[in-house]
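Fold and contact review
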Amino acid sequence: MQVIARVPAKINLVLSVGPVRSDGFHELATVFHAVSLYDEVSAVHADAVTVHVTGPYADRTPTDESNLAVRAARALARRARLRSGALLRVHKEIPVAAGLAGGSADAAGALLTCDRLWGLRMPESRLSSVAAGLGSDVPFALTGGTAVGTGRGERLRPVPVGAELHWVVATADGGLSTPDVYRRLDDLRSDRKVPAPTVSGELLAALQSADLDALAGLLHNDLQEAALALRPSLKDTLRAGEEHGALAGLVSGSGPTCVFLARDGAAAGALAVDLAASGTCARAVAVTGHAPVGT
Ligand code: C5P
């Protein structure tokens, strides 16, 4: 028996970063939005949990104990008090350390496939609590779609989106370390009192009515300033997107990927071609949101 899941990358339409908590994480208010750039995870029975990775980013993905899909399958077996194993195959199309939660997507894929392979049928809330133990973005990666995330990002509330949205995802060569980006943000605002994080009602209304012009003005990422400080060349990517007609552009999560909102599919396709030709990014692809998780 083989079980397969198709798990999407995410972007953050808003990422509001509050003060550091006593556990070292930052309090967040974010809007997660899954886009049609997928990793595929499959699982078959085996004696132990191992992973085999293929695809364009395979050489940058660890296959040892630190692989998030391996950690997820083992955490699930522990939670279910099982000794079961699985051979996981991950086909990676989502770039690594890119701010697109590719590792979290693989972890979610491993949870969903092993849950079925091992016949667990674990309730969503328990699966989500195993996911939260693996990383802040993993609970959202189990659900896909669009959701407000609070807490560390693990407390989720789905939000309606009035129409399919069109984006261009522009990836960079080399990743950025998420902890480094958060640390740089703390340094940059060490002289300020950091307010509680928020997602505005206006943004949720713009999503619901698919008002692209309003949405373009409301996209915001508090980590962007820190990501640009660590990787100044991203300013060129953002400028190129604007010059080539994007409605808005911003850094995705902790970067270095930049994402751009386009008016429709044709505009996104043209923008992807122009951005790729601009020499300011490694690769640019047109995607849509919000994307479902497929099992
Ligand atoms: O939860 P995850 O493993 O994805 O977090 C990676 C790192 O990002 C954490 O170790 C922490 O440095 C930073 N982080 C944070 N606050 C959050 C989420 C992540 O400081 N809410």
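Residues numbered from 1 in each chain as written. Predicted model: local features only at pLDDT ≥ 70, side-chain atom pairs only at ≥ 80, totals over all residues. Heavy atoms only, no water.

Once that is clear, we can look at the packing of helix H2 (residues 102–117) against helix H3 (residues 124–134). Relative orientation of the contacting elements H2 and H3 amounts to 140°, with a least axis distance of 11 Å. One finds that H2 runs oblique with respect to H3. Crossing hand, H2 versus H3: right-handed. Across from Leu111, Leu112 and Asp115 in H2, the residues of H3 making contact are Leu127, Val130, Ala131 and Leu134. Looking at the contact of H2 with H3, its residues break down into 6 nonpolar, no polar and 1 charged. (Axes fitted to C-alpha atoms, helices over the stretch in contact; angles between N-to-C directions. Helix = DSSP H or I, 4+ residues; strand = E, 2+ residues; numbered from the N terminus. Parallel < 35°, antiparallel > 145°, perpendicular 65-115°, else oblique. Left-handed = near helix turned anticlockwise from the far one by under 90°. Contact = heavy atoms within 4.5 Å. Nonpolar A, V, L, I, M, F, W, Y, C, P; charged D, E, K, R; others polar.)

Glancing now at the nonpolar core. Formed by 67 residues in total, the largest nonpolar core has its most connected members in Val31, Leu88, Leu111, Trp167 and Leu207. No fewer than three residues from each of domain 1 (2–158) and domain 2 (165–289) sit in this core. In this structure, leucine 207 is in contact with Leu13, Val31, Thr146, Val159, Pro160, Val161, Gly162, Leu165 and Leu215, ignoring residues within four places of it in sequence. If you look at the next biggest cluster of nonpolar residues, it comprises 27 residues, including Leu28, Ala170, Val181 and Cys281. (Core = buried A, V, L, I, M, F, W, Y, C linked by side-chain atoms within 4.5 Å. Buried < 20%, exposed > 50% of the residue type's maximum accessible area, 1.4 Å probe, protein only. Domains from an automatic or database assignment.)

Near the ligand the following residues occur: Gly24, Phe25, His26, Leu28, Gly135, Ser136, Arg152, Thr178, Pro179 and Tyr182. With respect to the ligand, the backbone of arginine 152 contributes an N or O atom lying 3.2 Å from a nitrogen atom. Bound to the protein, the ligand loses 74% of the 450 Å² it would expose on its own. Those elements that provide at least two residues to the shell around the ligand are strand E2 (26–46) and helix H5 (178–188). Counting residues per element, the shell around the ligand draws most heavily on H5, which supplies 3 residues. When the residues that make up the shell around the ligand are grouped by side-chain class, the tally is 4 nonpolar, 5 polar and 1 charged. (Near = heavy atom within 4 Å. Polar contact = N/O pair within 3.5 Å; in protein donor to acceptor, adjacent residues only side chain to side chain. Areas by Shrake-Rupley, 256 points an atom, 1.4 Å probe, with all protein chains shown as cover.)

For the rest of this paragraph, the subject is the UniProt feature "binding site: ATP" (unreviewed entry) in the protein. Within this structure's numbering, the places UniProt gives as "binding site: ATP" (unreviewed entry) are Pro95, Val96, Ala97, Ala98, Gly99, Leu100, Ala101, Gly102, Gly103, Ser104 and Ala105. Inspection of the secondary structure puts proline 95 in the loop between strand E4 (85–91) and H2. What proline 95 contacts, discounting residues up to four positions off in sequence, is Leu37, Tyr57, Leu100 and Thr171. Examined against the element boundaries, glycine 99 turns out to sit in the loop between E4 and H2. On the basis of relative accessible area, glycine 99 is assigned to the buried category, the value being 13%. (UniProt positions renumbered as here; feature names shortened; annotations may be inferred.)

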